[in-house]
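Listed here are the chains, written in short residue letters.
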Amino acid sequence: MPDDPWPDVIEVVGPRDVVAGLSDIDGLLLDDHGQRLLDDEQLKVTAYATEAAADAVRERGCTVSLVISGADLQDLAKEDASTREDEDGGVV
């Protein structure tokens, strides 16, 4: 696994027009399939984000909630990979 930190998984809530314009933030990857319209004006979307990207989202007036940290996600991936090894140490 790479040594670079994994991005956090976050949930973003904000005005539709603001959320639609977040894709220009470096370090932010919006999940198009995770969008949900809360009312006529508010949109909720799941995203992968670096800490700096999450701060930039907040600066634009959106609420950011942590779903799972990148470090925890990386640990879960390592645990999952280790459970997939067969008796000879190979990956199943």
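Quick notes on the rules
Residues numbered from 1 in each chain as written. Predicted model: local features only at pLDDT ≥ 70, side-chain atom pairs only at ≥ 80, totals over all residues. Heavy atoms only, no water. Helix = DSSP H or I, 4+ residues; strand = E, 2+ residues; numbered from the N terminus. Buried < 20%, exposed > 50% of the residue type's maximum accessible area, 1.4 Å probe, protein only. Contact = heavy atoms within 4.5 Å. Pairing = 2+ DSSP bridges. pLDDT = per-residue confidence, 0-100. Core = buried A, V, L, I, M, F, W, Y, C linked by side-chain atoms within 4.5 Å. Salt bridge = Lys/Arg side-chain N within 4 Å of Asp/Glu carboxyl O.

A. Molecular detail of the overall build of the protein. Helix and strand counts for the protein stand at three helices and five strands. Listed by position from the N terminus, the elements making up the protein come as β-α-β-β-β-α-β-α. The 92 residues of the protein split such that 24% are buried. Summarising the internal contacts of the protein: among those between residues at least 6 apart in sequence, 66% fall at separations of at least 24.

B. Spotlight on the pairing of strand β1 (residues 8-15). Alignment of β1 against strand β4 (residues 42-49), held across eight bridges, turns out to be antiparallel. Directly across from V12, in β4, lies its bridge partner V45. Pairing of β1 with strand β5 (residues 63-68), which is carried by five bridges, proceeds in the antiparallel orientation. Note on β5: the bridge partner recorded for E11 is S65.

C. Structural view of the environment of L28. With respect to the helices and strands, the residue L28 is situated in strand β2 (residues 28-30). Sequence separation between L28 and D8 is 20 residues, and the spatial gap between their C-alpha atoms is 9.7 Å.

D. Here's a closer look at the confidence of the model for the protein. On average, residues of the protein carry a pLDDT of 88, and 87% of them reach 70 or more. When pLDDT is averaged over each helix and strand of the protein, the minimum, 86, is found for helix α3 (residues 70-83) and the maximum, 98, for helix α2 (residues 51-59).

E. Geometry of the nonpolar core. Counting 16 residues, the largest nonpolar core has I10, V12, V19, L22, L28 and V57 as the members making the most contacts within it. If one sorts the elements of this core by residue count, β4 sits on top with four residues. Those residues in contact with I10 that lie beyond four places of it in its chain are L28, V45, T46, A47, A49, A54, V64, S65, L66 and V67.

F. Inspection of the pattern of salt bridges at higher detail. The tally for this structure, following the rule as stated, stands at three salt bridges. A salt bridge links K44 to E11; the shortest N-O distance between them is 3.8 Å. Pair noted here: K44 is in strand β4 and E11 is in strand β1, with a separation of 33 residues, a long-range link. Among the residues examined, K44 registers a relative accessible area of 18% and is labelled buried. According to the relative accessible area criterion, E11 is partly exposed, its value standing at 26%.

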